[in-house]
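Here are the chains, one letter per residue:
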Amino acid sequence: MDDAGLIVRRARTDELAACAELYVRVLRETFTWQPPERHQEADFLRAARVEEVYVAIEAGRIVGLAAFYRPQNFLHSLFVADRGRGVGKALLDHVSAQADGPLSLKCQAANLRAQAFYRREGFACVEAGSDNGVAWLRFVR
């Protein structure tokens, strides 16, 4: 990826449907431990009403998104279409710059790839728990 060709910015309202589609597609591809029907576009769109959604655009196409809940400096979502090319880091760096304190996030315990990414980016695991039978880890940086 050519950094000059990647733009990270706040999503426009008319882009939220495409963001929801990317969210579901990536979840279904990567969260193989969960049934695919569990992931719904409506869930993303509901959360987006109270979150700041940022997009990574490359060659006019949304290639990643991050959803940030500002009142808690909480990164709610970070999803990338083609992983391993620096898009996730660009989104994470952009959201970190928006936060006015330590950034936190939850990562499903089964999502080892995401945990490795966040640890590489300087996050530390500070808590473990479970919601509706799904184990998670809380990370802070």
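Our structure's up above, just so we're on the same page.
Reading the values: the criteria
Residues numbered from 1 in each chain as written. Predicted model: local features only at pLDDT ≥ 70, side-chain atom pairs only at ≥ 80, totals over all residues. Heavy atoms only, no water. Pairing = 2+ DSSP bridges. Helix = DSSP H or I, 4+ residues; strand = E, 2+ residues; numbered from the N terminus. Axes fitted to C-alpha atoms, helices over the stretch in contact; angles between N-to-C directions. Buried < 20%, exposed > 50% of the residue type's maximum accessible area, 1.4 Å probe, protein only. Right-handed = clockwise from strand over helix to strand, strands pointing away. Phe/Tyr/Trp six-rings, centres within 6.5 Å; stacked < 30°, edge-to-face > 60°. Lys NZ or Arg CZ within 6 Å of the ring centre and 35° of its normal.

Help me out: how do you make sense of the sheet that holds strand E6 (residues 124–131) in this one?
Strands pair in a sheet through their backbones, by hydrogen bonds, and they do so in one of two ways: parallel or antiparallel. The mixed open sheet is built from seven strands, whose spatial order is E1-E2-E3-E4-E5-E7-E6. In this open sheet, the two strands that pair with only one neighbour each are strand E1 (6–10) and E6. Pairwise comparison of adjacent strand axes, ignoring direction, gives a mean angle of 25° for this sheet.

I'm lost on the pairing of strand E5 (residues 104–108) in this one. Help?
If a strand is regular, its side chains alternate between the two faces of the sheet. Taken across its five residues, E5 has four buried, putting it largely inside the fold. Here strand E4 (residues 74–80) runs beside E5; their pairing, made up of two bridges, is parallel. Bridge pairing in E5 links Phe74 to Ser104. At this point the chain moves from E4, through helix H3 (residues 87–98), to the parallel E5, and the crossover so formed is right-handed.

Quick question: what am I supposed to make of the packing of aromatic side chains here?
The relation between two aromatic rings is expressed through the spacing of the ring centres and the mutual angle of the planes. In total, this model carries seven aromatic pairs according to the counting rule given. Between the aromatic rings of Phe117 and Tyr118, the centroid separation amounts to 5.1 Å while the plane-to-plane angle is 65°, which identifies the pairing as edge-to-face. With respect to burial, Phe117 and Tyr118 carry one shared label: buried. Judged by centre distance (6.4 Å) and plane angle (35°), the ring pair of Tyr118 and Phe139 falls under tilted. Residue Tyr118 is found in helix H4 (residues 112–120), and its partner Phe139 is found in strand E7 (residues 134–140); the two are separated by 21 residues along the sequence. With respect to class, Tyr118 is no different from Phe139; both count as buried. It is Arg10 that lies over the ring of Tyr54; its NZ or CZ is 6.0 Å from the centre. Taking NZ or CZ as reference, Lys106 lies 4.1 Å from the ring centre of Trp136, over its face.

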